[in-house]
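# Examining the three-dimensional arrangement
The chain contents come next:
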Amino acid sequence: MIKRINGSWLEFHHLGIPEGKYFNPMIHGFSSEQWRSKIQEMHELKMKYIVIIATAEFDGKDKHACYYNSAHYEKSTELACDDPIEVVLDECDKLNMRVFVSVGFYSNWWHTFENMTNEEAFVRAFKAIDELHAIYGHHKSFYGWYFPDESEISYYMDEEFITYCNRYSQKVHSLNPNYKTLIAPYGTCKLKADDHYVSQLKRLDVDFVAYQDEVGVKKTTEDKTASFYKALKEAHDKANRSKLWADVETFTFEGDVYKSALLPSNIERLKKQLEAVSPYVDEILIFEYQGMFNKPGTIAFCGHPDSIDYYKDYKKLLDEIDK
């Protein structure tokens, strides 16, 4: 049995500039109508979760820009849409979809450890969380928060990462105890899901852990990932706290990994990726829909031309899954 893709990350700007070659210029120019259309495309494919990857882009130097009308921080001038966060939440309200809003990036996104441990970064982010909650908290689709600073799991989680997650969880739950929380760490192919890892999961205050399958970044292959998620399911079942999700990578690279454009993968690889994780995870999210998939005739096209065929191929697979 293959589980369907139930959600995707969503970006207003892809921070890895070479990677965003085929879709950054297009999404920067999206109107409100185009953003709504893109959300509708995802809904038509029966997706119910949207994860906003970032609400700001701070580089630690001269760029301190956010994607909403903030009283504290400069607003990005790159986007044609005045308030894309409002548009996404409003459209998801109408479609009964659920949105995780990002708590980052309010410090240099390249410097993950600094973001997780620097007190100034926490102060800036907490100020933004208060503001985002005040502006958008009335939306019924505002389901929870995404903690985007990714820490590699090298056998085990860094203790600093656990502290970071727990501090953010405490903060967002002080605003609304019903908010759900999501992380998507990498290092899945190196993770050691033993009793020590179970003890870490017991101390980790998040609702959902969507482990990156790392196939797109070529750290592993779709033929190997099933064993990783099988071990993770056993660990999560023992810990009996956060739910196990998957972050399936739908992309490949035009050239060198991390140094070239993201391109759509192919349906044969994607099917194998879904088959590998489906027996073990509660939900499958992808990184990502935009740029990799485009409905034929969409008014919100962004990405490489091959994204149209990828959409059509996945739609056929989805129809088979739902039979």
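Scroll up for the structure.
Below, the structure is looked at part by part. Only a predicted model underlies this, so the values are computations on that prediction, with no experimental measurement involved.

Now for the layout of surface pockets. Counted as a void, the largest pocket has a volume near 780 Å³. Along the walls of the largest pocket sit 31 residues, with Glu19, Trp109, Glu150, Gln212 and Tyr258 positioned nearest its centre. Of the residues that constitute the lining of the largest pocket, the class distribution is 18 nonpolar, 5 polar and 8 charged.

The next subject is the pattern of salt bridges. One pass over the structure, following the stated rule, counts 21 salt bridges. One salt bridge in this structure joins Glu41 and Lys38, with 3.2 Å as the shortest N-O distance. With Glu41 and Lys38 both in helix α2 (residues 32-44), this residue pair falls 3 residues apart, about one helical turn. Lys38 shares its class with Glu41; the two are buried. Across the pair Glu214 and Lys219 runs a salt bridge whose closest N-O atoms are separated by 4.0 Å.

Now for empty space enclosed by the protein. A water-sized probe, rolled over the atoms, reveals where empty space remains. For the structure on display, the rule yields 1 cavity of 30 Å³ or more. By volume, the largest cavity amounts to about 50 Å³. Lining the largest cavity are Val103, Gly104, Phe105, Tyr106, Ser107, Asn115, Ala121, Ala125, Asp149 and Tyr168.

What follows is about unusual backbone geometry. Note the cis peptide between Gly104 and Phe105, where omega equals 0 degrees. Within the fold, Phe105 resides in the loop between β6 (98-102) and α4 (112-117). Across the junction of Phe287 and Glu288, the peptide omega takes the value -15 degrees, indicating a cis bond. Along the chain, Glu288 falls in the loop between β13 (283-287) and α10 (306-321). Phi is positive for Tyr155, which is not a glycine, with a value near 75 degrees. The residue Tyr155 is located in the loop between β7 (142-146) and α6 (159-175) in this model. Backbone geometry at Asn240 places phi at a positive 55 degrees, although glycine is not the residue there. Tracing the sequence through the fold places Asn240 in the loop between α8 (225-239) and β10 (243-249). Note on Asn240: relative accessible area 66%, which makes it exposed.

Conventions used here
For every chain, the first residue of the written sequence is number 1, and numbering continues from 1 along that sequence. It should be noted that, the model being predicted, local features are given only for residues of pLDDT at least 70 and side-chain atom pairs only at 80 or more, the latter also being counted only at that level, while totals for whole chains, interfaces and linings use all residues. Side-chain measures here rest on the full set of heavy atoms in the structure, leaving out hydrogens and waters. The pocket and cavity definitions rest on a 1 Å grid over protein atoms only: a 1.4 Å probe that fits but cannot leave marks a cavity, an open set with protein on both sides within 12 Å along at least five of seven lines marks a pocket, and residues lining either have an atom within 4 Å of a point. Grid points are joined across faces, edges and corners, and a volume is the space filled by probe spheres set on the points. The nonpolar class holds Ala, Val, Leu, Ile, Met, Phe, Trp, Tyr, Cys and Pro. Asp, Glu, Lys and Arg form the charged class, and all remaining residues, Gly among them, are polar. Whenever Lys or Arg places a side-chain nitrogen within 4 Å of a carboxyl oxygen from Asp or Glu, that contact is recorded as a salt bridge. What counts as a helix is a DSSP run of H or I of at least four residues, what counts as a strand is a run of E of at least two, and both are numbered from the N terminus. Accessible area is worked out with a 1.4 Å probe on protein chains only. A residue is then buried under 20% of its type maximum, exposed over 50%, and partly exposed in between.

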